[in-house]
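Spelled out, the chains give:
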Amino acid sequence: MAVQLFQTGEVGPIGVFDSGYGGLTVLREIRRTLPQYDYLYLGDNARAPYGTRSFEVVYEFTRQAVRYLFEQGCHLVILACNTASAKALRTIQQVDLPKFDPKRRVLGVIRPTVEVVGELSQSRHVGIMATEGTIRSCTYELEIAKLWPDIQVTGEACPMWVPLVENNEYESPGADYFVRTRIEHLMSLDPLIDSVILGCTHYPLLLGKIRQFMPEGVKIIEQGGYVAQSLKDYLLRHPEMEKRLTKEGTIRFLTTERAEQFQQKAAIFMGEGLDAERITL
């Protein structure tokens, strides 16, 4: 039997969690699609990046964040982080939610992307560009194999791409080398690739460079829009959850790092200024 550990309020905001800033690109698309809801964003910036951490550590950090968002009244939490979705989501859904509160839900960003890739790829050869942690987890390969067993998947870790974005160098000439070499290496591994998933929420800011160096005709699959549409469909299918979400169109930002530092970097991702609060997990 689940023990009630959280606020007993019947309604609350949608929680959005990321290890740092990249999840803001997902939040931006979700707000575009579903502007009427309230959102509570939590970035664990003090302990980022998650990409090189072990499964056990990513799970524990993600579990702490989900629990915190539940304590703030969230009934639905989106893991807007590929590493957390790859290394922690399944365990949280299967092990923790029955203990925490079986009526609450935690969703990730990988499944919505996987669901559409089979409709986009004609050659049935798909590339994944992501952090080392996401590539090593093989989560995309496993999830794609479940839905689209005829698709061949090739992964490419891009360790310098996140620092380029967070240091506001994603449009600089210096970024060209790091973007071009990773794309060229991926395509050399499988020249038949016709669709590439950007499996990290930072990467949309590099889209200009990625388009510049990606071979002509290769589709670039960004996650934000697909995650937003998937969430919209989910709420239509689950009116019992939709009724638990507050609808004032507000948004709050929480970070485990200094609020001033978060505000400065987050503006790069959101395209607007914002206020943040520092919290401790």
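Residues numbered from 1 in each chain as written. Predicted model: local features only at pLDDT ≥ 70, side-chain atom pairs only at ≥ 80, totals over all residues. Heavy atoms only, no water.

Points about the nonpolar core
In this structure, Leu24, Met129, Trp161, Leu235, Phe253 and Phe262 are the most contacted members of the largest nonpolar core, which totals 51 residues. Setting aside residues no more than four positions away along its own chain, Phe253 makes contact with Leu24, Leu27, Tyr41, Phe262, Met270, Leu274, Asp275, Ala276 and Glu277. Listed in part, the 25 residues of the second largest apolar core include Tyr59, Phe70, Phe100 and Ile279. (Core = buried A, V, L, I, M, F, W, Y, C linked by side-chain atoms within 4.5 Å. Buried < 20%, exposed > 50% of the residue type's maximum accessible area, 1.4 Å probe, protein only. Contact = heavy atoms within 4.5 Å.)

What to know about helix α4 (residues 89-100)
Along an α-helix, a turn takes 3.6 residues, which lines up residues three or four apart on a common side. Taking 1.5 Å as the rise per residue, α4 with 12 residues should run 16 Å; its terminal C-alpha atoms sit only 14 Å apart, a clear shortfall. All of the buried residues in α4 are Leu89, Ile92, Asp96, Leu97 and Phe100. Along the axis of α4, the buried positions cluster into a sector of 105°, meaning they face one direction only. Exposed residues on α4 whose side chains face more than 90 degrees from its buried face are Gln94 and Lys99. Close packing links the buried residues of α4 with α2 (55-71), β3 (76-79), α3 (82-87) and β4 (105-107). (Helix = DSSP H or I, 4+ residues; strand = E, 2+ residues; numbered from the N terminus. Expected span 1.5 Å × (residues − 1). Arc of directions from axis to C-beta.)

Concerning the environment of Gly108
Structurally, Gly108 is set in the loop between β4 and α5 (110-120). Spatially, the C-alpha atom of Gly108 lies 5.1 Å from that of Ser85, the residues being 23 residues apart in sequence. Apart from the residues within four sequence positions on either side, Gly108 is in contact with Leu79, Ser85 and Leu89.

Comments concerning the sheet that holds strand β7 (residues 195-198)
The strand order across the open sheet formed by four strands is β6-β5-β7-β8, and the pairing between neighbours is parallel. The open sheet has two edge strands, β6 (152-157) and β8 (219-221), and neither has a second partner. Pairs of neighbouring strands in the sheet enclose a mean axial angle of 25°, with direction left out of account. In terms of strand pairing, β7 meets β8 through three bridges, oriented parallel. Note on β8: the bridge partner recorded for Val196 is Ile220. Together, β5 (125-130), β7 and β8 form the strand contacts of α5, whose direction differs from that of β8 by roughly 170°. (Pairing = 2+ DSSP bridges. Axes fitted to C-alpha atoms, helices over the stretch in contact; angles between N-to-C directions.)

Points about the pairing of β5
Within β5, six of the six residues are buried, leaving the element largely enclosed by the surrounding structure. What you see with β5 is no split at all: His125, Gly127 and Met129 on one side and Val126, Ile128 and Ala130 on the other are buried throughout. In this structure, β5 lies alongside β6, joined through six bridges in parallel fashion. By the bridge assignment, Val126 is partnered in β6 with Val153. Looking at chain direction, β5 and β7 are connected through four bridges and run parallel. Residue pairing for β7: Ile128 is matched across the bridge by Ile197.

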